[in-house]
Amino acid sequence: SENEELEEIASADLKFLLLPALLGALTLKQVDLSRRMEHLESAREHFLRFLKLCRSYGLGSFQLPTATSSEEGAGSPPAPRDPAQPNLVAMAMSRKAKIERYKQKKELENKLASMRSFVESGTAEEEQIREFYILQIQKWISTSLEEIESIDQELVILRSRDTARQAPAGSRGPSRPARAPVKPFILTRDAAQARVFGAGYPGLPTMTVDDWYEQRRRQGIDSHSQQGFGEPDLGSPACPSPPAGASDEESQKQQQEEKEEEDDEEALQKARNWDDWKDTHPRGYGNRHNMG
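Keep in mind that what you see is a predicted model, and the values were worked out from it rather than measured.

1. Points about the overall build of the chain
If you tally the helices and strands in the chain, you get 8 helices and 2 strands. The order of helices and strands in the chain, counted from the N terminus, is α-α-α-α-β-α-β-α-α-α. Of the contacts made within the chain by residues no fewer than 6 positions apart, 58% connect residues no fewer than 24 positions apart.

Spelled out as structure tokens, the structure:
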């Protein structure tokens, strides 16, 4: 009863105060993903009921978590806060509270480990049993506060996921325009090859390269107009031919050089001797003695 004091509860009955916290811990272990949100909300209610019960009996000093949106339905909605401007004071206080809870939890675990053997063996006195259960309750207070914080974060994620699923398709962005289907075809070299492919694959239309160019010409697509879009002009030569005047000048110069070489016997003999020497002396022949 909430009208009782902590001293009025028998030492053997203190363990029953842990029932809501244990129910919350067992509810979190449910593995049915389709009912995950329902299990989270149920576990949060168990933990919150345990914390309120401990608060009414004066077991520990802590601040109760804020109510969720479903629990605030009957009351006025909370004042909106800009998410771009976080409350730095509240964040600092929350961090400090977490550190304090962690230190207290470690101290309680060490005390419980030293007293557990006496209580379980039945050799502990009533005062030791009472202290043992009170320490257990204080430990579960820290655990409940941590679990409620974790549950609130997971609920936000689940609700955001459900909202995204229920959003209409038009709000997710403009859809891409549908492309016209392109019919497949096979390019062949000549009409005979086209007949061979056509006999083997009657479902695919075939045409020769000439037919394909003729079709493009009828459609008004000129090969010269497509050179700007990266398609080469197959009808044009690979390299531009030089002007006629430049070609005549180079040929005359080459003929004059050949005539001079034929007239100069000394230069011709020197060139022949140089070719013979290169045949018997490969490149790099004289540097082999200096190799490290």
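From this point, the discussion proceeds with the structure in view.
2. Let's talk about the environment of S56
Mapped onto the secondary structure, S56 falls in helix α2 (residues 36–56). Residue classification places S56 among the partly exposed residues on the basis of a relative accessible area of 37%. Distance in space between the C-alpha atoms of S56 and L6 is 9.2 Å, their sequence separation being 50 residues.

3. Looking at the pattern of salt bridges
If you walk through the whole model with that rule in mind, you get 9 salt bridges. Across the pair R35 and E38 runs a salt bridge whose closest N-O atoms are separated by 2.9 Å.

4. Overview of a negative patch on the surface
A grouping of E4, E5, E7 and E8 is seen on the molecular surface, where their side chains present a negatively charged patch. The residue E7 is located in the segment before α1 (19–28) in this model. Judged by its relative accessible area of 66%, E7 falls in the exposed class.

5. Let's talk about the packing of aromatic side chains
Following the criterion strictly, the structure yields 3 aromatic pairs and no others. Look at F132 and Y133: their rings are 5.6 Å apart centre to centre, the planes differ by 65°, and that puts the pair in the edge-to-face class. Comparing F132 with Y133 shows no difference in burial state: the two are buried. Seen from their ring centres, W212 and Y213 are 5.2 Å apart, and the 75° between their planes marks the pair as edge-to-face.

6. Description of the nonpolar core
Grouped together as the largest cluster of nonpolar side chains are 34 residues, with contacts concentrated most on F50, L59, I137 and I141. Broken down by element, this core gets its largest block of residues, 12 residues, from helix α4 (residues 126–166). Each residue touching I137, except ones within four places of it in the same chain, is listed here: L14, L17, L18, F50, C54 and L59.

7. Here we look at helix α3 (residues 88–121)
Spanning 34 residues, α3 covers 50 Å between terminal C-alpha atoms, matching the ideal 50 Å at 1.5 Å per step. Taking the largest bend as the criterion, α3 deviates by roughly 40°, centred on M115. Along α3, the residues that are buried comprise R101, K105, L108, L112, M115 and V119. If you follow the buried residues of α3, they end up packed against α4. One or two positions beyond α3, positive phi appears at G122, with a value near 85°.

8. Description of the packing of α2 against α4
Between α2 and α4, the shortest axis-to-axis distance is 9 Å and the interhelical angle comes to 150°. Overall, the two elements α2 and α4 adopt an arrangement that is roughly antiparallel. At the point where α2 passes α4, the crossing takes the left-handed sense.

9. Examining the confidence of the model for the chain
Overall, the prediction assigns the chain a mean pLDDT of 74, with 66% of residues at 70 or greater. Across residues 72–80, where pLDDT falls below 50, the model places 2 contacts with residues more than four positions away in sequence or in other chains. Note that pLDDT drops below 50 for residues 223–242; the model gives that stretch 9 contacts with residues more than four away or on any other chain.

10. Quick look at the packing of α1 against α2
Geometrically, a packed helix pair is captured by the angle between its two axes and the distance between the axes. Where α1 contacts α2, the axes come no closer than 7 Å and their chain directions differ by 165°. In terms of axis orientation, α1 runs roughly antiparallel to α2. You can see that α1 and α2 cross each other, and the crossing is left-handed. Across from P20, A21, L23, G24, A25, T27 and L28 in α1, the residues of α2 making contact are R36, H39, L40, S42, A43, H46, F47, R49 and F50. Residue composition of the contact of α1 with α2, by class: 9 nonpolar, 5 polar and 2 charged.

11. Considerations on the side chain of R130
With respect to the element layout, R130 can be found in helix α4. No salt bridge forms around the buried R130; measuring N to O, its nearest opposite-charge neighbour E126 is 5.7 Å away. With near-sequence residues (within four places) excluded, R130 lies in contact with L6, E7, I9, A10, S11 and L14.

The rules behind these values
- Residues numbered from 1 in each chain as written.
- Predicted model: local features only at pLDDT ≥ 70, side-chain atom pairs only at ≥ 80, totals over all residues.
- Heavy atoms only, no water.
- Helix = DSSP H or I, 4+ residues; strand = E, 2+ residues; numbered from the N terminus.
- Contact = heavy atoms within 4.5 Å.
- Buried < 20%, exposed > 50% of the residue type's maximum accessible area, 1.4 Å probe, protein only.
- Salt bridge = Lys/Arg side-chain N within 4 Å of Asp/Glu carboxyl O.
- Patch = residues over 30% accessible without salt bridge, like charges linked within 9 Å, V, L, I, M, F, W, Y side chains within 5 Å.
- Areas by Shrake-Rupley, 256 points an atom, 1.4 Å probe, with all protein chains shown as cover.
- Lys, Arg positive; Asp, Glu negative; His and termini not counted.
- Charge placed at Lys NZ, Arg CZ, Asp CG, Glu CD.
- Phe/Tyr/Trp six-rings, centres within 6.5 Å; stacked < 30°, edge-to-face > 60°.
- Core = buried A, V, L, I, M, F, W, Y, C linked by side-chain atoms within 4.5 Å.
- Expected span 1.5 Å × (residues − 1).
- Bend = angle between axes of the 7 residues up to and from the residue.
- Axes fitted to C-alpha atoms, helices over the stretch in contact; angles between N-to-C directions.
- Parallel < 35°, antiparallel > 145°, perpendicular 65-115°, else oblique.
- Left-handed = near helix turned anticlockwise from the far one by under 90°.
- pLDDT = per-residue confidence, 0-100.
- Nonpolar A, V, L, I, M, F, W, Y, C, P; charged D, E, K, R; others polar.

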